[in-house]
Amino acid sequence: MKHLIIYIICIGLLLTGCTIETSENDDLDGFWHLEQIDTLASQNTVDYGGQRVFWSIQAGLLQLSNQINNTIIYRLVYDNQQLTLADPCMFDRTDGDTLVTDVDVLQPYGVNSLNEVFLVISLSGRSMVLESPILRLHFRRY
């Protein structure tokens, strides 16, 4: 009986000592391959299917990566079908992350502003379409 009480107390302490972080992003969290970019004003389409441009989303962070440029990290807020990106940083573990100040660095990823807001047009477990005031981005879950 004494061992059972100690066992119950130990399990209770283990369960109360941990917190589990969860994300409310639902299908948004994941590894997304940028497949296509549409320019809204001119109706031009650029096929990105053969390029390795990826958006990795988890909780409140977005990582933009490809084979050529440095990796960029954004703070992310997903609320009411809007995806708000803020405070982009060049990801550099050795020298420390530095804030991005040149928008040209972001354009290969479909981002045209340091702080960008995308409307989530469609989102499922397999595909996603985001729209900014200038572009429509088409993704496939990788």
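That block above? That's the structure.
Analysis parameters
Residues numbered from 1 in each chain as written. Predicted model: local features only at pLDDT ≥ 70, side-chain atom pairs only at ≥ 80, totals over all residues. Heavy atoms only, no water. Helix = DSSP H or I, 4+ residues; strand = E, 2+ residues; numbered from the N terminus. Contact = heavy atoms within 4.5 Å. Areas by Shrake-Rupley, 256 points an atom, 1.4 Å probe, with all protein chains shown as cover. Polar contact = N/O pair within 3.5 Å; in protein donor to acceptor, adjacent residues only side chain to side chain. Phe/Tyr/Trp six-rings, centres within 6.5 Å; stacked < 30°, edge-to-face > 60°. Buried < 20%, exposed > 50% of the residue type's maximum accessible area, 1.4 Å probe, protein only. Core = buried A, V, L, I, M, F, W, Y, C linked by side-chain atoms within 4.5 Å.

Student: Explain the overall build of the protein to me, using residue names and the numbers behind them.
Tutor: What the protein contains, in helices and strands, is one helix and 10 strands. When the helices and strands of the protein are read in sequence order from the N terminus, they spell out α-β-β-β-β-β-β-β-β-β-β. Of the contacts formed within the protein by residues at least 6 apart in sequence, a portion of 46% connects residues at least 24 apart. Per element, the accessible surface of the protein, about 9,300 Å² overall, is 53% carbon and sulfur.

Student: Lay out the environment of Thr45 with the relevant residues and their values.
Tutor: When you line up the elements, Thr45 lands in strand 2 (residues 45-47). Once the C-alpha coordinates of Thr45 and Leu137 are considered, the two residues, 92 residues apart in sequence, prove to be 9.9 Å apart. When sequence neighbours within four positions are dropped, the list of residues in contact with Thr45 reads Gln36, Ile37 and Asp38. Within polar-contact distance, the side chain of Thr45 engages the side chain of Asp38 at 3.1 Å.

Student: Could you give an account of the packing of aromatic side chains, naming the residues involved and the relevant values?
Tutor: Per the counting criterion, the structure on display carries five aromatic pairs. With centroids separated by 4.7 Å and ring planes inclined at 10°, the aromatic side chains of Phe31 and Phe54 adopt a geometry described as stacked. Remark: Phe54 occurs in strand 3 (residues 54-58) and Phe31 occurs in strand 1 (residues 30-39); sequence separation between them is 23 residues. Residue classification places Phe31 among the partly exposed residues on the basis of a relative accessible area of 32%. On the basis of relative accessibility, which here comes to 9%, the residue Phe54 falls in the buried class.

Student: Explain the nonpolar core to me, and be specific about the residues and the numbers.
Tutor: Of all hydrophobic cores here, the largest spans 27 residues; its most connected members are Trp55, Leu83 and Leu85. Of all the secondary structure elements, the ones that give two or more residues to this core are strand 1, strand 3, strand 4 (61-65), strand 5 (72-79), strand 6 (82-90), strand 8 (116-123), strand 9 (127-131) and strand 10 (135-141). Residue contacts for Leu85: discarding those within four places in its chain leaves Trp55, Leu62, Tyr74, Arg75, Leu76, Val111, Leu114, Asn115, Glu116 and Phe118.

Honestly, that's just the spatial picture; any functional story needs more than this.
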